[in-house]
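Given next are the chains, with one letter for each unit.
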Amino acid sequence: MSCTSTRNPPDGVPTLIDRGVLRAVVASTGRRAPVVVSSLSNHQKPWLAATVVLLVLGERRAAARGLMAVAAAGAVNGVLKNLVDRRRPQTSDSAGRAPSGDPPHSASFPSGHTITAVAFTAAVTDELRHPLLAAALASMAAAIGLARVAAVRHWPTDIAGSVVIGAVGGLATRRLVPASRVPRPPLP
């Protein structure tokens, strides 16, 4: 990873929108929940746990897809962070809330947490036999993206771009590991 970025986002309407949305999210959320969600999502913990659950439920193909998506998301994230090198939000950008925890030593775009969450979810959902599991994964991915903004770790456009990148990566993983051709009954 690169060292902490000093490159500021370009001035203009996108920056004003980013700052406005960041301030609105910070003002409407507590401080503790975003920090907890962000911390729990470090080091791919949710996706490794979800993979174990998928394996226990007999969803081997979905588990394989999920792990492939996580690996690909990590690689793409590292490359893009070094290419874009965007400065993370500061206290002055967030209506007074300082970024939580230890400062990351990488650029703001893209959000690795969000890319991984969306890539894993997009990769596995069409293979799952239980719709509640798919909904839980999607909810977890959304919560992680929101928490990264509320914890003043990323700009809202970092999250939006990361959702797109993660979705494309997850869908590409589906092509590499196609769905089972044998219909399986849904879980009770």
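All values reported here derive from a predicted model rather than from experimental measurement.

Participant: Pulling in residues and values, what's your account of the overall build of the protein?
Facilitator: When its secondary structure is counted, the protein shows seven helices and zero strands. What you see in the protein, going N to C, is helices and strands ordered as α-α-α-α-α-α-α. Out of the 188 residues in the protein, the part that is buried amounts to 44%. A separation of at least 24 residues holds for 85% of the contacts in the protein among residues at least 6 apart in sequence.

Participant: Which residues make up the nonpolar core, and what values go with them?
Facilitator: Judged by nonpolar contacts, the single largest core of 19 residues is most densely connected at Trp47, Leu54, Phe120, Val124, Leu128 and Leu137. Of all elements in the fold, only α3 (45-56), α4 (60-84), α5 (112-124) and α6 (131-150) reach the threshold of two or more residues within this core. Of the residues forming this core, the biggest block, six residues, is contributed by α5. Setting aside anything within four residues of it in sequence, one finds Phe120 in contact with Trp47, Ala50, Thr51, Leu54, Gly66, Leu67, Ala69, Val70 and Leu137. Core analysis: the next-biggest nonpolar cluster, separate from the first, contains eight residues, Leu22, Ala150, Val152 and Trp155 among them.

Participant: Report on the pattern of salt bridges, specifying residues and quantitative values.
Facilitator: Scanning the entire structure with this criterion turns up six salt bridges. Between Asp18 and Arg86 there is a salt bridge; the shortest N-O distance is 2.7 Å. One end of the pair, Asp18, is in helix α1 (residues 13-28); the other, Arg86, is in the loop between α4 and α5, with 68 residues separating them in the sequence. The residues Asp18 and Arg86 share a single accessibility class, namely buried. Of the charged contacts in the structure, one is a salt bridge between Arg86 and Asp158, with a shortest N-O distance of 2.6 Å. Residue Arg86 is found in the loop between α4 and α5, and its partner Asp158 is found in helix α7 (residues 156-176); the two are separated by 72 residues along the sequence.

Participant: So what about the environment of Leu54? Which residues, and what values?
Facilitator: Locating Leu54 in the fold gives a position in helix α3. Since its relative accessible area comes to 1%, Leu54 is described here as buried. A sequence separation of 74 residues divides Leu54 from Leu128, and the C-alpha atoms of the two residues are 8.6 Å apart. What Leu54 contacts, discounting residues up to four positions off in sequence, is Glu59, Ala62, Ala63, Phe120, Val124, Leu128 and Leu133.

Participant: Account for the packing of aromatic side chains, with residues named and values stated.
Facilitator: Evaluated as defined, the whole model comprises one aromatic pair. Ring geometry for Trp47 and Phe120: centres 5.2 Å apart, planes at 35°, overall tilted. Taken together, the residues Trp47 in helix α3 and Phe120 in helix α5 connect sequence positions 73 residues apart. The exposure class assigned to Phe120 is buried, which follows from its relative accessible area of 0%.

Participant: Which residues make up the packing of α4 against α5, and what values go with them?
Facilitator: Relative orientation of the contacting elements α4 and α5 amounts to 150°, with a least axis distance of 8 Å. Regarding the angle of α4 to α5, the classification is roughly antiparallel. Considering only the axes of α4 and α5, their crossing is right-handed. Along the contact surface, α4 presents Ala62, Arg65, Gly66, Leu67, Ala69, Val70, Ala73 and Asn77, while α5 presents Gly112, Ile115, Thr116, Ala119, Phe120, Ala123 and Val124. Here the residues of the contact of α4 with α5 sort into 10 nonpolar, four polar and one charged.

Participant: Explain α4 residue by residue, including any values.
Facilitator: Here α4 spans 36 Å end to end across 25 residues, near enough to the 36 Å set by a 1.5 Å rise per residue. Along α4, the positions that sit buried rather than exposed are Ala62, Ala63, Arg65, Gly66, Ala69, Val70, Ala73, Asn77, Gly78 and Lys81. Residues of α4 that are buried make contact with α3, α5 and α7. Of the residues flanking the end of α4, it is Asp85, one or two places downstream, whose phi is positive at about 50°.

The rules behind each value
- Starting afresh in each chain, residues are numbered from 1 along the sequence in its written order.
- The predicted origin of the model limits local features to residues at a pLDDT of at least 70 and limits the giving and counting of side-chain atom pairs to 80 or more, whereas totals for whole chains, interfaces and linings rest on all residues.
- Heavy atoms from the whole structure form the basis of all side-chain values; hydrogens and water molecules are not counted.
- By definition, any uninterrupted DSSP run of H or I lasting at least four residues is a helix, any uninterrupted run of E lasting at least two residues is a strand, and each is numbered from the N terminus.
- The buried label goes to any residue with under 20% of its type's maximum accessible area, the exposed label to any with over 50%, and the partly exposed label to all in between, with areas taken from a 1.4 Å probe on protein chains only.
- By definition in these notes, contact holds between two residues if any of their heavy atoms fall within 4.5 Å.
- Among the buried residues, those of types Ala, Val, Leu, Ile, Met, Phe, Trp, Tyr and Cys that are joined through side-chain atoms within 4.5 Å form a nonpolar core.
- Salt bridges are defined as contacts in which a side-chain nitrogen from Lys or Arg sits within 4 Å of a carboxyl oxygen from Asp or Glu.
- Any two of the Phe, Tyr and Trp rings considered here, Trp counted by its six-membered ring, make a pair once their centres fall within 6.5 Å; the pair's planes then place it as stacked at under 30 degrees, edge-to-face at over 60, or tilted in between.
- Geometry is summarised by axes, namely lines fitted to C-alpha atoms with helices restricted to the contacting stretch, and by angles between N-to-C directions that run from 0 to 180 degrees.
- Here the angle decides the label: under 35 degrees means roughly parallel, over 145 means roughly antiparallel, 65 to 115 means roughly perpendicular, and every other value means oblique.
- Take the far helix as the reference: if the near one is turned anticlockwise from it by less than a right angle, the crossing is left-handed, and if turned clockwise, right-handed.
- Side-chain classes are defined by residue name, with Ala, Val, Leu, Ile, Met, Phe, Trp, Tyr, Cys and Pro counting as nonpolar, Asp, Glu, Lys and Arg as charged, and the others, Gly among them, as polar.
- The span one expects for a helix is its residue count, reduced by one, times 1.5 Å.

The quantities given are spatial measurements derived from coordinates; they are silent on function.
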